[in-house]
Amino acid sequence: MGRKSAGAGAGAGADGLWFPAGRKVTKPQYNRQLVCATLHREGPSSRVGLHQATGIPLSRLSEICGELIRDGLVRESVVAPAEGSGRGRPQALLEIELRGLAAAVVRYDQSSIEASVADLAGDVRWRRRWDVPFRGPDDTLRRLVTAAKQAVAAGSAEGLRVAAVGAADPGTVDVAAGRSVRAVSMPGWRNVPVVERLAKATGLRVFIDRGDGWQALGEVMFGAGRGVQHAVFATLLEGIGGGIVESRRLLAGRDGSAGELGHTRVSDDGPACGCGGRGCLEAHLAPARLVALWRGEPPEAPVRDADRRFSEMLAAARGGDAGARGVLAEAAGRLARGLGNVVSLLNPERIILGGRFVEAGDAILAPLNAELPGYALPELLRGVDVRLAELGEASTPLGVAAHVRELLFAPPSAADRPPALAAGRRAGRAGDEP
Ligand SMILES: [Zn+2]
């Protein structure tokens, strides 16, 4: 279910942090990654606990842990014994130093560029935004390089070790190739080598994904989906985007576009969509269309200032305006059709609604919950919890932080096991196949 790792670039400052998976791995490198993965997966542990979990001898473990502490990847805290436990001695616990590690993030679209830094514990530590209209791919790439360098410098100034850079793209991406394939809102932005350019400029590993995908991952790992293994995220802005998160990873599909909910068809003869099709979910729920319906105007008529008017309509709905509520209930019916199919297809435990769905609140949630049973198997729908997103714009940098964290502390695979370990005693549970 996991995606291919699309990191590129040899990091001057951070490459020592990364396990050299796929290359020749030495026994100390393998054991070091095994210790990190065990601490990440199982939480704080004593050296004895780590020895039991990994099979690495205690003398070697002390050496590895000392090195990880010096490198700022692990910290040690002394915990007093639990009362009544009968043990008198305080215990030294080791844990991953998530607050000291960070991801730098650049997000871009046709009207703005934003740079931010998020630590791997889930806090946005720095953020800056530039309102700049799109002036062509070269100009945007140049600005992205500047923004990424600023974010990396800001992270260092905060005392953070920046492990990687993430790019949040407004269009479709090829995750494995590290390219932005196309963004409809940015004419001429096609097949752009974002990862290569940012890796060269920063010397760090760089990951690209759809902005909606990063948001989905951020919400599931740090927001409305905390603790959930199977979640679907849908967000409404001008269009509808989404993402699918399975076991702490964003489901990629072939290129990285899995979860493009906006263009699932929810009617045969519905409104025309920007993609050239008809009856797409995002065509039915386009804010401009909903505003026109509310005002009794032809739904195809262009609505000026649709953003602000949509806010007015949502405020009216929250205030009990029957017309606005009716339009949203109709929209919720279309959304139920789309999400009902998603429930049958993916069997999620939670659905998270972000973007302007949050602003609509109960005016969309209540009719959606009422309509969903008409479109999904009852046993699959049972227990599916539909919630509003909690993080707002922070979900993008936090999604990148979650991705970097999961990759940085991934267990080494059996294929990475050095021959000396593979031939001898099995190195321990964490690296074994299930
Ligand atoms: Zn469409």
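As the structure is a computational prediction, the values presented were derived from the model and not from experiment.

**Here we look at the coordination of the zinc ion**
Looking at the zinc ion, the protein donor atoms are H263 (ND1), C273 (SG), C275 (SG) and C280 (SG), and they sit 2.1 to 2.3 Å from it. Linear spacing of the donor residues for the zinc ion on their chain is H-x9-C-x1-C-x4-C. Its relative accessible area of 41% is what places C275 among the partly exposed residues.

**Some words on the packing of helix α8 (residues 287-294) against helix α10 (residues 322-346)**
At their nearest, the axes of α8 and α10 sit 9 Å apart, and the two run at 135° to each other. In terms of their interaxial angle, α8 and α10 are classed as oblique. For the pair α8 and α10, the crossing hand works out as right-handed. Counted together, L290, L293 and W294 of α8 and G323, A324, V327 and A331 of α10 form the full contact between these two elements. In terms of residue class, the contact of α8 with α10 is made up of six nonpolar, one polar and no charged.

**Remarks on the packing of helix α1 (residues 27-42) against helix α3 (residues 58-70)**
In the contact formed by α1 and α3, the axes pass within 10 Å of each other and the chain directions differ by 75°. As judged from the angle between their axes, α1 and α3 are roughly perpendicular. Two secondary-structure elements touch here, α1 through P28, N31, R32, V35 and C36 and α3 through R60, L61, I64, E67 and L68. Of the residues that constitute the contact of α1 with α3, the class distribution is six nonpolar, one polar and three charged.

**Remarks on the confidence of the model for the protein chain**
Mean pLDDT for the protein chain: 90, with 91% of residues reaching 70 or above. Below a pLDDT of 50 lies the segment residues 1-12, which in the model reaches 35 contacts outside its immediate sequence neighbourhood of four places, other chains included. Every residue in residues 424-434 is under pLDDT 50, and counting partners more than four places away or in other chains gives 26 contacts.

**Quick word on the packing of aromatic side chains**
Within this structure, the stated rule accounts for three aromatic pairs. Measuring from centroid to centroid gives 6.1 Å for W18 and F207, while their planes differ by 50°, and the two rings are tilted. Linking W18 in the segment before α1 with F207 in strand β10 (residues 205-210), this pair joins segments that are 189 residues apart in sequence. Both residues of the pair, W18 and F207, count as buried.

Definitions and limits used
- Numbers given to residues run from 1 along each chain, matching the order in which its sequence is written.
- With pLDDT at 70 or above as the cut-off, local features in this predicted model cover only qualifying residues; side-chain atom pairs require 80 or more to be listed or tallied, and sums for whole chains, interfaces and linings still use all residues.
- No hydrogens and no water enter the side-chain calculation; it runs on all heavy atoms of the structure.
- Each metal site lists N, O and S donors within 2.8 Å (3.2 Å for Na, K and Ca). With water left out of the atoms, a site can look as if it is missing ligands.
- Here the term buried applies to any residue with accessible area under 20% of the maximum for its type, exposed to any over 50%, and partly exposed to those in between, with areas from a 1.4 Å probe on protein chains only.
- Axis definition: a line fitted to C-alpha atoms, over the contacting stretch in the case of helices. Angles run 0 to 180 degrees between N-to-C directions.
- Numbering of helices and strands runs from the N terminus, with a helix taken as a DSSP run of H or I at least four residues long and a strand as a DSSP run of E at least two residues long.
- Here is the rule for angles: anything less than 35 degrees is roughly parallel, anything more than 145 is roughly antiparallel, 65 through 115 is roughly perpendicular, and the remaining ranges are oblique.
- Crossing handedness is read from the near helix: turned anticlockwise from the far helix by less than a right angle, it gives a left-handed crossing, and turned clockwise, a right-handed one.
- Here a residue-residue contact requires only that any non-hydrogen atoms of the pair lie within 4.5 Å.
- Any residue outside Ala, Val, Leu, Ile, Met, Phe, Trp, Tyr, Cys, Pro, Asp, Glu, Lys and Arg is labelled polar, Gly included; the first ten of those are nonpolar and the last four are charged.
- Looking at any residue, its pLDDT shows the predictor's confidence there, from 0 to 100.
- Think of it this way: a Phe, Tyr or Trp ring, Trp meaning its six-membered ring, pairs with another when their centres are within 6.5 Å, and the plane angle makes it stacked under 30 degrees, edge-to-face over 60, tilted otherwise.

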